[in-house]
There are 2 protein chains.
Amino acid sequence: MAKDPKPRRPRAETPKGFRDYFGPDVTERKEMLDRIAAVYHLHGFDALETSGIETVEALGKFLPDVDRPNAGVFAWQEESVPGGGSGDWLALRYDLTAPLARVAAQYRNDLPTPYRRYAMGPVWRNEKPGPGRYRQFYQCDADTVGAASVAADAEIIAMLADALEAAGIARGDYLVRVNNRKVLNGVLDSMGVSDPDTAADVLRTIDKFDKVGESGVRELLTTGRKDASGAEIDGVGLDAAQAEPVIAFLTSKGATNAATLDNLRAAVGGSVVGAEGVDELAQIAALLDASGMGPDRVVIDPSVVRGLGYYTGPVFEAELTFEILDDKGRKRQFGSVAGGGRYDDLVERFTGQKVPATGVSIGVDRLLAALREKGLAGAQAQGPVVVTVMDRERMGDYHAMAAELRVAGIRAEVYLGNPKNFGNQLKYADKRGSPVAIIQGGDEAARGVVQVKDLILGAKIAAQASVEEWKSQPAQVEVPRADLVATVRRMLARETGAQ
Amino acid sequence: MAKDPKPRRPRAETPKGFRDYFGPDVTERKEMLDRIAAVYHLHGFDALETSGIETVEALGKFLPDVDRPNAGVFAWQEESVPGGGSGDWLALRYDLTAPLARVAAQYRNDLPTPYRRYAMGPVWRNEKPGPGRYRQFYQCDADTVGAASVAADAEIIAMLADALEAAGIARGDYLVRVNNRKVLNGVLDSMGVSDPDTAADVLRTIDKFDKVGESGVRELLTTGRKDASGAEIDGVGLDAAQAEPVIAFLTSKGATNAATLDNLRAAVGGSVVGAEGVDELAQIAALLDASGMGPDRVVIDPSVVRGLGYYTGPVFEAELTFEILDDKGRKRQFGSVAGGGRYDDLVERFTGQKVPATGVSIGVDRLLAALREKGLAGAQAQGPVVVTVMDRERMGDYHAMAAELRVAGIRAEVYLGNPKNFGNQLKYADKRGSPVAIIQGGDEAARGVVQVKDLILGAKIAAQASVEEWKSQPAQVEVPRADLVATVRRMLARETGAQ
């Protein structure tokens with residue numbers, strides 16, 4: 001008889017579209033989020049942490065009346081309750097705004113009004129994974145619920161600028177640009193576009209401003225254009241005169257906020273909602289000015305179009321203005337790392353009442369990539385001092401050394417692998433990025449000394465110097481046992497200084 | 001014709017078994033975890049963050065060959081890949097050890113050996129929710145993978161004691177107790193119990209030691225006993241003499257570690273594995289001693305039975321020794337907040353190779369509850385200074401005040417609700433727990449002054465004093481506008497000092 005086949009071993013694989021984060025990948029993101037959270041807190045925002053799971057009903061976008069409501073979200077049905085019919089559909093949250101809407105409705109009698117909250121944490125998307133596209137990622141949001149005044153928008157815009165600086169982006173390396181959906185509505189008014197379908201077409205065209213520029217938008221609003229591949233793109237069918245207010249709106253940025261606001265007043269003509277929108281931008285500009293936010297940090301800029309379709313009032317976007325090299329080695333601006341605006345339908349789904357809200361979302365991975373690009377993250381990632389093991393019988397001595405170093409605030413550990421091969425211990429220290437190794441054999445112990453080896457300097461010498469020079473360098477010193485901590489500290493200071 | 005019925009509004013409800021955490025609930029836990037992470041890092045442990053989702057296959061406990069493998073976990077099947085058969089089963093992780101096993105197997109050629117890692121984050125359990133039992137909660141683990149030496153156990157035990165102190169538990173308020181599964185195996189040896197079923201019965205009985213005590217264990221090992229309800233519990237059926245080594249093991253704690261180890265040597269008789277177990281405990285005791293961990297922090301204590309069935313070598317548990325009042329007003333010790341031990345089957349499922357591992361898990365919610373019990377969490381939770389709005393036209397002035405306060409590091413915000421009713425503004429400040437309110441009407445603005453109102457002192461006066469006394473108290477002061485920040489700072493210092 002044949003033997004039973006061995007059961008197949010499970011594959012040890014990160015599920016497709018997910019990632020594992022090691023060491024500095026975790027701590028650098030955490031430090032960045034901590035700094036941003038401190039700014040949010042300073043501005044009076046309170047933390048909120050909901051669980052990763054919501055009912056599909058509360059998430060809203062996905063309804064339980066289809067067989068499997070998991071298009072875009074990870075969803076599953078609860079076990080049916082005995083005698084109680086089928087179970088609820090649950091899903092992993094796909095952003096931090098939907099849970100805020102649920103919380104704002106559920107606790108509306110207990111929360112302060114306005115309610116300022118920040119939230120940071122993972123969200124999940126059931127999408128086809130692709131290069132750089134993951135199915136779990138962090139979001140970092142701050143929102144004010146229940147404040148109709150644009151003072152709330154101004155506050156969040158100023159807070160965003162402060163948060164970017166706290167994260168490490170220098171003034172001058174970023175710019176927050178502010179626009180207003182109401183101004184665009186005023187432009188549509190003044191064009192005589194009242195048909196919602198045409199308005200939607202105009203909005204879709206405006207969304208392409210970043211890509212096709214002024215002349216492209218002009219073509220798309222009227223008779224259409226050929227795209228890069230030669231394909232004909234239909235135009236919206238407006239006449240040339242009708243297209244001009246849109247162009248005026250998109251290009252109304254002047255040398256100062258005052259000049260921009262004048263241009264916008266002209267672009268909206270006699271529209272009431274348009275005038276309201278311009279007034280709101282003027283108020284925001286004045287409040288930012290009063291808060292000490294100059295045009296080097298925040299400007300009114302009607303060419304910001306991202307989110308204009310989604311938001312109902314002020315919209316804003318933070319861009320990093322320094323240049324990086326793209327995949328093909330060409331210089332380009334780093335680009336957008338955060339955005340937000342005003343929206344009024346947050347709580348309405350639950351309660352039937354419109355509740356004004358405004359908020360910002362920082363692109364955690366984008367901002368972290370920018371900090372790494374600038375060399376502003378990860379400087380502190382350093383391996384521990386490794387106390388090597390020469391005599392297995394004297395583990396107590398080695399543990400005592402590591403404990404002493406830690407009491408002095410120095411990251412340290414005893415080598416815990418098989419100590420037989422000393423070379424493996426130094427290889428291990430190298431793999432850990434250890435700055436210093438401690439060595440004490442029986443001979444050294446008898447003489448009351450330890451060897452302290454500067455691994456970073458050692459590696460440099462090994463890479464650069466001849467054997468003669470190597471020998472004269474003090475990459476390894478023998479010091480009295482009592483001087484262990486002081487010697488390590490001096491070595492670490494030298495390395496930090498040299499970096 | 002009847003109108004269409006309105007679509008039912010979604011319920012704004014936290015899903016059953018889940019929780020929302022507000023403000024200090026979030027930040028207090030975060031601060032505790034930050035302090036623990038700093039200790040782990042100091043000991044050479046690196047952060048690891050895997051995603052919340054694993055394949056059911058990698059999680060292991062739950063196999064994809066049943067129709068719906070979600071007993072105990074939240075699981076769902078991926079969409080089938082076109083032409084590629086049915087999709088993978090995915091699940092939310094139920095602990096942080098299963099993902100570590102997957103990572104240790106997947107990256108075994110890249111990770112250092114030993115690999116020390118810590119992980120903190122939410123885990124999910126698909127269990128019936130009950131009072132105090134939630135379906136998402138935090139875990140906080142540290143493990144060393146690939147170190148066979150008990151020096152790794154000693155290191156983690158010492159680190160646990162340091163972590164508890166860093167979190168705020170004073171020395172003397174906790175004790176880490178250490179036992180060893182091998183010693184118990186030695187006891188079974190010396191009893192002549194080799195049948196695995198009988199051994200399992202003995203282990204199950206030992207698990208009840210905490211509840212039924214010495215005489216209860218003796219009864220259960222032999223002929224059985226009546227429980228509190230009068231029900232007969234069958235005994236294991238050993239004879240009275242056979243039960244004695246188990247009792248000797250459980251009660252072998254002496255006045256010193258040395259005395260305990262002597263008692264254990266007697267309890268294991270001539271068993272080889274038993275002697276090995278006692279030797280391991282002796283080594284751990286010596287290493288802890290060398291690391292400066294006295295018996296006020298860690299002791300060898302064979303009455304620790306939790307986890308003896310699961311772990312393969314040393315096991316340990318941290319208990320908080322101070323008393324609290326239970327639900328019925330009776331004094332009892334706070335009890336266990338962390339535990340861990342050695343296990344060898346971590347990676348074997350994936351690779352077929354046994355890899356020694358040892359680790360600790362801190363009960364995040366339990367430890368946080370202990371800190372709150374001791375008044376050690378939440379002291380810093382304070383609302384923002386609220387700049388009230390007297391004149392809607394002077395929002396810029398109010399924003400400037402808030403900005404100035406924030407530059408000085410003082411948490412501050414402008415009131416953003418409808419400012420018409422001033423009483424509502426003070427009610428809002430009260431709801432936020434604001435320490436100070438700033439007031440400046442047109443009159444004050446003209447005179448260049450602001451009113452600074454100490455809300456905490458004001459509340460105390462309102463609660464305790466007569467109207468006459470109230471008037472004489474400086475709960476509200478008028479100061480020059482230029483003195484705003486200094487005045488607020490002085491008031492906050494007074495309040496902090498008074499707490």
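Rules used throughout
- Residues numbered from 1 in each chain as written.
- Chains lettered and ligands numbered in written order.
- Predicted model: local features only at pLDDT ≥ 70, side-chain atom pairs only at ≥ 80, totals over all residues.
- Heavy atoms only, no water.
- Helix = DSSP H or I, 4+ residues; strand = E, 2+ residues; numbered from the N terminus.
- Rg over C-alpha atoms; globule rule 2.2 N^0.38 Å.
- Buried < 20%, exposed > 50% of the residue type's maximum accessible area, 1.4 Å probe, protein only.
- Contact = heavy atoms within 4.5 Å.
- Domains from an automatic or database assignment.
- Least-squares fit on C-alpha atoms with pLDDT ≥ 70 in both.
- UniProt positions renumbered as here; feature names shortened; annotations may be inferred.
- Salt bridge = Lys/Arg side-chain N within 4 Å of Asp/Glu carboxyl O.
- Polar contact = N/O pair within 3.5 Å; in protein donor to acceptor, adjacent residues only side chain to side chain.
- Core = buried A, V, L, I, M, F, W, Y, C linked by side-chain atoms within 4.5 Å.
- Axes fitted to C-alpha atoms, helices over the stretch in contact; angles between N-to-C directions.
- Left-handed = near helix turned anticlockwise from the far one by under 90°.
- Nonpolar A, V, L, I, M, F, W, Y, C, P; charged D, E, K, R; others polar.
- 1 Å grid on protein atoms, 1.4 Å probe; cavity = no way out; pocket = protein on both sides within 12 Å on 5 of 7 lines; lining within 4 Å.
- Points joined across faces, edges and corners; volume = space filled by probe spheres on them.
- Pairing = 2+ DSSP bridges.
- Expected span 1.5 Å × (residues − 1).
- Arc of directions from axis to C-beta.

**Considering the overall build of chain A**
At step 1: Scanning chain A from terminus to terminus reveals 18 helices and 19 strands.
At step 2: Scaling as 2.2 N^0.38, a compact globule of 499 residues should have a C-alpha radius of gyration of about 23 Å, whereas chain A reaches 30 Å, well beyond that.
At step 3: Taken along the three principal axes of its C-alpha coordinates, chain A extends 95 × 70 × 55 Å.
At step 4: Here chain A, with 499 residues, has 53% of them falling under the buried criterion.
At step 5: The long-range fraction of contacts in chain A, counting pairs at least 24 apart against all pairs at least 6 apart in sequence, stands at 66%.

**Quick word on the domain arrangement of chain A**
Accessible area lost upon the coming together of the parts is a frequently used measure of interface size.
At step 1: For chain A, the assigned domains are domain 1 (24-52 + 93-193 + 238-373) and domain 2 (385-498).
At step 2: Each of domain 1 of chain A and domain 2 of chain A was reduced to a C-alpha centroid, and the two centroids are 51 Å apart.

**With respect to the environment of Ile233 of chain A**
Residues and elements named next belong to chain A.
At step 1: Residue placement: Ile233 occurs in strand S10 (residues 232-234).
At step 2: The partly exposed category is assigned to Ile233, whose relative accessible area is 30%.
At step 3: A sequence separation of 51 residues divides Ile233 from Lys182, and the C-alpha atoms of the two residues are 28 Å apart.
At step 4: Those residues in contact with Ile233 that lie beyond four places of it in its chain are Leu220, Gly224, Arg225 and Asp227.

**Details of the environment of Ala459 of chain A**
All names here are of chain A.
At step 1: Looking at the secondary structure, you find Ala459 in helix H16 (residues 455-464).
At step 2: The class of Ala459 is partly exposed, set by a relative accessible area of 46%.
At step 3: Ala459 sits 16 residues away from Ala475 along the chain, and the two C-alpha atoms are 9.2 Å apart.

**Description of the relation of the copies chain B and chain A**
At step 1: With an axial shift of 0.0 Å and an RMSD of 0.1 Å, the rotation relating chain B to chain A amounts to 180 degrees. Here the copies are linked by what is in effect a two-fold axis. The C-alpha atom lying nearest the rotation axis in chain B is that of Trp76 of chain B; the distance is 3.1 Å.
At step 2: By residue overlap, the copies meet face to face through one surface: 100% of the interface positions of chain B are interface positions in chain A.

**Things to note about the UniProt feature "binding site: L-histidine" (unreviewed entry) in chain A**
All names here are of chain A.
At step 1: With numbering aligned to this structure, UniProt lists the feature "binding site: L-histidine" (unreviewed entry) at Asp95, Leu96, Thr97, Arg125, Gln139, Asp143, Arg306, Tyr310 and Tyr311.
At step 2: With respect to the helices and strands, the residue Leu96 is situated in the loop between strand S5 (89-92) and helix H3 (97-106).
At step 3: Leu96 sits in the buried class, given a relative accessible area of 5%.
At step 4: Apart from residues no more than four positions distant in its own chain, Leu96 is found in contact with Arg117, Ala119, Met120, Gly121, Val123, Gln139, Cys140 and Asp141.
At step 5: With respect to the element layout, Arg306 can be found in the loop between strand S11 (298-300) and strand S12 (314-325).
At step 6: Arg306 sits in the partly exposed class, given a relative accessible area of 47%.

**Looking at the side chain of His399 of chain A**
At step 1: Note on placement: His399 of chain A falls in helix H13 (residues 395-407).
At step 2: Taking the relative accessible area as the measure of exposure, His399 of chain A reaches 4% and is therefore buried.
At step 3: Excluding residues that lie within four positions of it along the chain, His399 of chain A makes contacts with Val414 of chain A together with Ala151, Glu155, Leu287 and Ser291 of chain B.

**Thoughts on the side chain of Ser271 of chain A**
At step 1: Tracing the sequence through the fold places Ser271 of chain A in the loop between helix H9 (257-268) and helix H10 (272-290).
At step 2: Sequence-distant contacts of Ser271 of chain A, defined by excluding residues within four places in its chain, comprise Gly186 and Asp189 of chain A.

**Quick look at the interface of chain B and chain A**
At step 1: At the junction of the two partners, chain B supplies 98 residues and chain A supplies 98 residues.
At step 2: One salt bridge in this structure joins Asp20 of chain A and Arg102 of chain B, with 2.8 Å as the shortest N-O distance.
At step 3: At the boundary of chain B and chain A, one finds 49 residue pairs in polar contact (both at pLDDT 80 or more).
At step 4: If you tally residues by element for the side of chain B that touches chain A, the top one is helix H1 (residues 24-42) of chain B, at seven residues.

**Examining the nonpolar core**
At step 1: Counting 131 residues, the largest nonpolar core has Tyr40 of chain A together with Ile438 and Val488 of chain B as the members making the most contacts within it.
At step 2: Tallying contributions element by element places helix H4 (residues 150-167) of chain A first for this core, with 13 residues.
At step 3: Excluding residues that lie within four positions of it along the chain, Val488 of chain B makes contacts with Val385, Leu405, Ile410, Val436, Ile438 and Val452 of chain B.
At step 4: Residues Met395 of chain A together with Val176, Val298 and Ala357 of chain B belong to the second largest nonpolar core, which totals 130 residues.

**Topic: the packing of helix H1 (residues 24-42) of chain A against H4 of chain A**
Residue and element names in this part refer to chain A.
At step 1: The N-to-C vectors of H1 and H4 enclose an angle of 145 degrees; their axes lie 8 Å apart at closest approach. The way H1 lies across H4 gives a crossing that is right-handed. Counted together, Met32, Arg35, Ile36, Val39 and Tyr40 of H1 and Met159, Asp162, Ala163, Ala166 and Ala167 of H4 form the full contact between these two elements.
At step 2: Along the lines of polarity and charge, the residues of the contact of H1 with H4 split into eight nonpolar, no polar and two charged.

**Some thoughts on empty space enclosed by the protein**
At step 1: Per the stated rule, a full pass over the model turns up five cavities of 30 Å³ or more.
At step 2: By volume, the largest cavity is sized at about 90 Å³.
At step 3: In terms of lining, the largest cavity is formed by Gly17, Phe18, Arg19, Tyr21, Arg29, Tyr134, Gln136, Phe137 and Tyr138 of chain A together with Glu49, Thr50 and Ser51 of chain B.
At step 4: The biggest single contributor to the lining of the largest cavity is strand S7 (residues 136-145) of chain A, with three residues.
At step 5: Considering only residue class, the lining of the largest cavity consists of five nonpolar, four polar and three charged.

**Description of the pattern of salt bridges**
At step 1: One pass over the structure, following the stated rule, counts 84 salt bridges over all chains.
At step 2: Residues Asp279 of chain A and Arg265 of chain A are paired through a salt bridge, measuring 3.6 Å at the closest nitrogen-oxygen approach. With Asp279 of chain A in helix H10 and Arg265 of chain A in helix H9, this residue pair connects regions lying 14 residues apart in the sequence.
At step 3: Residue Arg265 of chain A is classed as partly exposed on the basis of its relative accessible area, which comes to 39%.
At step 4: The shortest N-O distance in the salt bridge between Arg297 of chain B and Glu165 of chain B comes to 3.0 Å.

**What to know about the sheet that holds strand S4 (residues 75-77) of chain A**
In a beta sheet, neighbouring strands pair by backbone hydrogen bonds and run either parallel or antiparallel.
Residues and elements named next belong to chain A.
At step 1: One open sheet holds the three strands; their spatial order is S3-S5-S4, and the pairing between them is antiparallel. The open sheet has two edge strands, strand S3 (53-55) and S4, and neither has a second partner. Taken pair by pair, the neighbouring strands of this sheet meet at an average axis angle of 30 degrees, ignoring direction.

**Here's the deal with H9 of chain A**
An α-helix turns once per 3.6 residues; consequently, residues spaced three or four apart project the same way.
Residues and elements named next belong to chain A.
At step 1: When the terminal C-alpha atoms of H9 are compared, their 16 Å separation across 12 residues agrees well with the 16 Å that a helix rising 1.5 Å per residue should span.
At step 2: Along H9, the residues classified as buried are Thr260, Leu261, Leu264, Ala267 and Val268. Looking down the long axis of H9, one finds its buried residues gathered within 115 degrees of arc, a one-sided arrangement.
At step 3: Where H9 is buried, its residues contact helix H5 (181-191), helix H8 (240-250), H10 and S11.
At step 4: One or two residues past the end of H9 sits Gly269, with phi positive at roughly 55 degrees.

**What to know about unusual backbone geometry**
At step 1: Residue Pro114 of chain A follows Thr113 of chain A across a cis peptide bond; omega there is -5 degrees.
At step 2: Inspection of the secondary structure assignment puts Pro114 of chain A in the loop between H3 and strand S6 (115-124).

**Quick word on the pairing of strand S6 (residues 115-124) of chain B**
Residue and element names in this part refer to chain B.
At step 1: Burial within S6 is extensive, with nine of its 10 residues counted as buried.
At step 2: Note that strand S2 (residues 46-49) and S6 share two bridges and pair parallel. Paired with Ala47 across the bridge in S6 is Tyr118.
At step 3: One ladder, built from 10 bridges, connects S6 with strand S7 (residues 136-145); its direction is antiparallel. Paired with Pro122 across the two strands is Tyr138, which belongs to S7.

**A closer look at the sheet that holds strand S15 (residues 385-387) of chain B**
Residue and element names in this part refer to chain B.
At step 1: Overall, mixed pairing links the five strands, which are arranged S16-S15-S17-S18-S19 in an open sheet. Looking along the sheet, the strands with just one partner apiece sit at the ends: strand S16 (412-414) and strand S19 (476-480). In this sheet, neighbouring strand axes are inclined to one another by 25 degrees on average, regardless of whether the strands run parallel or antiparallel.
At step 2: Where helix H13 (residues 395-407) meets the sheet, it contacts S15, S16, strand S17 (436-439) and strand S18 (449-454), and its direction lies at approximately 170 degrees from that of S16.
At step 3: Lying over the sheet, helix H16 (residues 455-464) contacts S17 and S18, oriented at roughly 55 degrees with respect to S18.

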